[in-house]
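Working through the structure, step by step
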Amino acid sequence: MKPPLFSTSSSSPTSLLIIRKARLTPCLFTLLAFILFVTILYGQDFMCIFSQQLQLVSDSNKPVPRAMKIRRKKLPFAIGKTEEGCDIFSGRWVRDELTRPLYEESDCPYIQPQLTCQEHGRPEKEYQHWRWQPHGCDLHRFNATLMLETLRGKRMMFVGDSLNRGQYVSLICLLHSIIPEDAKSMETFDSLTVFTAKEYNATIEFYWAPFLLESNADNAVVHRISDRVVRKGSIIKHGRNWKGVDILVLNSYLWWMTGLKMKVLLGSFDDEVKDIVEVSTEDAYRMAMKSMLRWVRLNMNPKKTRVFFTSMSPTHGKSIDWGGEPGGNCYNETSMIDDPTYWGSDSRKSVMQVIGDVFSKSKVPITFLNITQLSSYRKDAHTSIYKKQWNQLTPEQLANPASYADCVHWCLPGLQDTWNELLFTKLFYP
Ligand SMILES: *[C@@H]1O[C@H](CO)[C@@H](O)[C@H](O)[C@H]1NC(C)=O
Ligand SMILES: *[C@@H]1O[C@H](CO)[C@@H](O)[C@H](O)[C@H]1NC(C)=O
Ligand SMILES: *[C@@H]1O[C@H](CO)[C@@H](O)[C@H](O)[C@H]1NC(C)=O
Ligand SMILES: *[C@@H]1O[C@H](CO)[C@@H](O)[C@H](O)[C@H]1NC(C)=O
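Since the structure is predicted, the reported quantities are computational estimates derived from the model, not experimental observations. (Residues numbered from 1 in each chain as written. Chains lettered and ligands numbered in written order. Predicted model: local features only at pLDDT ≥ 70, side-chain atom pairs only at ≥ 80, totals over all residues. Heavy atoms only, no water.)

1. Notes on the sheet that holds strand β11 (residues 261-265)
The three strands are arranged β9-β11-β12 in an open sheet whose pairing can be described as mixed. Of all the strands in the sheet, just β9 (229-231) and β12 (276-280) have a single pairing partner and so form its edges. Within this sheet the neighbouring strands show an average axis-to-axis angle of 40°, counted without direction. Helix α6 (residues 281-299) contacts β9, β11 and β12 of the sheet and is inclined by roughly 105° relative to β12. (Pairing = 2+ DSSP bridges. Helix = DSSP H or I, 4+ residues; strand = E, 2+ residues; numbered from the N terminus. Axes fitted to C-alpha atoms, helices over the stretch in contact; angles between N-to-C directions. Contact = heavy atoms within 4.5 Å.)

Okay, structure coming up:
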């Protein structure tokens, strides 16, 4: 391990660290009675009393009671710890020509043509040479052997939208080079893509569910629907396909951004007359987050499994957000935003608040991958016009490249490799 470049005392754990009391076992009744009694006495803090497999949720604003800290239990897969008090999501980008990128675009055959920027003519590679440096400590170096050994006989699954698919592919790219050619495969079955490392009997999978809940955008191929409808209370529809997974990485954000309102279906998609209500995006999103937490609580064993939730992936569709020319976007951007307080548009903020709110009130053991802020500086890292175009471009578009630039997705190798380095750190060194 390299010594830390910095040691700051100001860093605070803004991410949610969670260790969770697993399951009530014997003497259920006595225990329940006792819990009830203690709950009345101590309110929220009652969990402290049941010490050994204690749960804890910490966030920057609320100091963790000493008793909880001492009794923090080891999380599944943990082999070490990140320095106390180091928030790995708070830091800065450092130029690094030596160790970045972590792989070459041409060496990873699994990258979809929507993300292979070099192949599609991006003229420079500046975006590949950045390393994330937390303020309070160093990130652990990504170790593919350790990751694959850990996944032996196990399943890891990413569930969500195309951004989560990007992170999934990035992880495969980080791992595949140590697996011989004939000992790995990637196959797609409808919503599910499965990468298999045969000698490890391990799979790393991606499951398309852009809202996590059932929606009218669930078709893995044909899902460009402008009039989006999501069905309340339907997480089980997709969730049944995630059961039994050892490491689950969820995300959901982009598809909720349809405007100010979101259509929520109360009945079933089969109903002749559909019972649809319009609610604010925040309320709809909160509903989904709560469903997700509930699903995790009921279906994932906190003693054996880990669940991650990746926060919103920022977009760079309007240059005026960072003081650029009106009408511009991420097109032709090769440098990052250097204002450390840069955040971007406001809608993001309110959704991030919903996440912070729902997670901080919950005891469900989900590790939050807070990639939003660190990615928001990276206007240089999008695929822009350097990707496979599915439709023939019109002369008007060709005359104005910004008009068809993709400022949502990210080139690989690139930013999303950092997300996986953070995932790696949170998995092994929580
Ligand atoms: C995410 O990380 C940023 C940067 O450290 C921080 O400002 C923000 O409060 C964090 N958000 C949440 C919800 O933890
Ligand atoms: C990577 O992990 C493997 C398996 O745990 C270990 O033997 C090896 O020393 C690690 N490599 C580095 C560079 O830390
Ligand atoms: C392979 O892994 C699966 C879990 O993904 C497990 O059920 C199965 O028993 C394993 N098979 C062998 C031969 O280890
Ligand atoms: C791209 O940006 C550079 C400056 O960074 C500028 O000189 C050039 O004209 C821009 N190209 C286009 C096509 O906008």
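2. Quick look at the packing of aromatic side chains
A complete count under the given rule lists 16 aromatic pairs for this structure. Ring plane angle 45° and centroid distance 5.0 Å describe the contact between Phe-142 and Phe-424, whose orientation is recorded as tilted. One end of the pair, Phe-142, is in the loop between β4 (130-134) and α3 (144-150); the other, Phe-424, is in helix α10 (residues 415-428), with 282 residues separating them in the sequence. For the residue pair Phe-142 and Phe-424, the accessibility class agrees, reading buried in each case. Centroid distance Phe-211 to Trp-255: 6.2 Å. Interplanar angle 75°. Geometry classified as edge-to-face. You can see Phe-211 sitting in the loop between β8 (202-208) and β9 and its partner Trp-255 sitting in the loop between β10 (247-250) and β11, a full 44 residues away along the chain. Per residue, the accessibility class of Phe-211 equals that of Trp-255, and both read buried. Grouping aromatic residues by their ring pairs yields a cluster made of Trp-208, Phe-211, Trp-255, Trp-256 and Tyr-285. (Phe/Tyr/Trp six-rings, centres within 6.5 Å; stacked < 30°, edge-to-face > 60°. Buried < 20%, exposed > 50% of the residue type's maximum accessible area, 1.4 Å probe, protein only.)

3. Quick word on unusual backbone geometry
Omega for the peptide link from Arg-100 to Pro-101 comes to 5°, which places this bond in the cis form. Along the polypeptide, Pro-101 turns up in the loop between β3 (91-95) and β4. A positive phi angle is found at Asp-190, which is not glycine, with a value near 45°. Tracing the backbone through its elements, the reader meets Asp-190 in the loop between β6 (184-189) and β7 (192-197). The phi dihedral of Leu-212 is positive, around 65°, even though this residue is not glycine. Secondary-structure assignment places Leu-212 in the loop between β8 and β9. A relative accessible area of 0% places Leu-212 in the buried class.

4. Some thoughts on the pattern of salt bridges
Where side chains of opposite charge bring their charged atoms close, a pairing between them can arise. With the rule as written, the count across this model stands at 16 salt bridges. The shortest N-O distance in the salt bridge between Glu-104 and Lys-125 comes to 3.9 Å. Of this pair, Glu-104 sits in the loop between β3 and β4 while Lys-125 sits in the loop between β3 and β4; the two residues are 21 residues apart in sequence, bridging distant segments of the chain. With a relative accessible area of 33%, Glu-104 lands in the partly exposed category. The shortest N-O distance in the salt bridge between Asp-406 and Lys-387 comes to 2.6 Å. Of the two residues, Asp-406 is situated in strand β16 (residues 406-410) and Lys-387 in the loop between β15 (382-384) and α9 (395-399); the sequence distance between them amounts to 19 residues. (Salt bridge = Lys/Arg side-chain N within 4 Å of Asp/Glu carboxyl O.)

5. Side note on the packing of helix α4 (residues 162-176) against α10
The contact between α4 and α10 brings their axes to 8 Å, and the two run at 75°. Viewed along their axes, α4 and α10 adopt a mutual orientation that is roughly perpendicular. Judged by residue contacts, Leu-163, Gly-166, Gln-167, Ser-170, Leu-171 and Leu-174 of α4 engage Gln-416, Asp-417, Trp-419, Asn-420 and Leu-423 from α10. (Parallel < 35°, antiparallel > 145°, perpendicular 65-115°, else oblique.)

6. Regarding the environment of Glu-104
With 69 residues separating them in the primary sequence, Glu-104 and Cys-173 have C-alpha atoms 9.0 Å apart. Those residues in contact with Glu-104 that lie beyond four places of it in its chain are Lys-125 and Pro-413.

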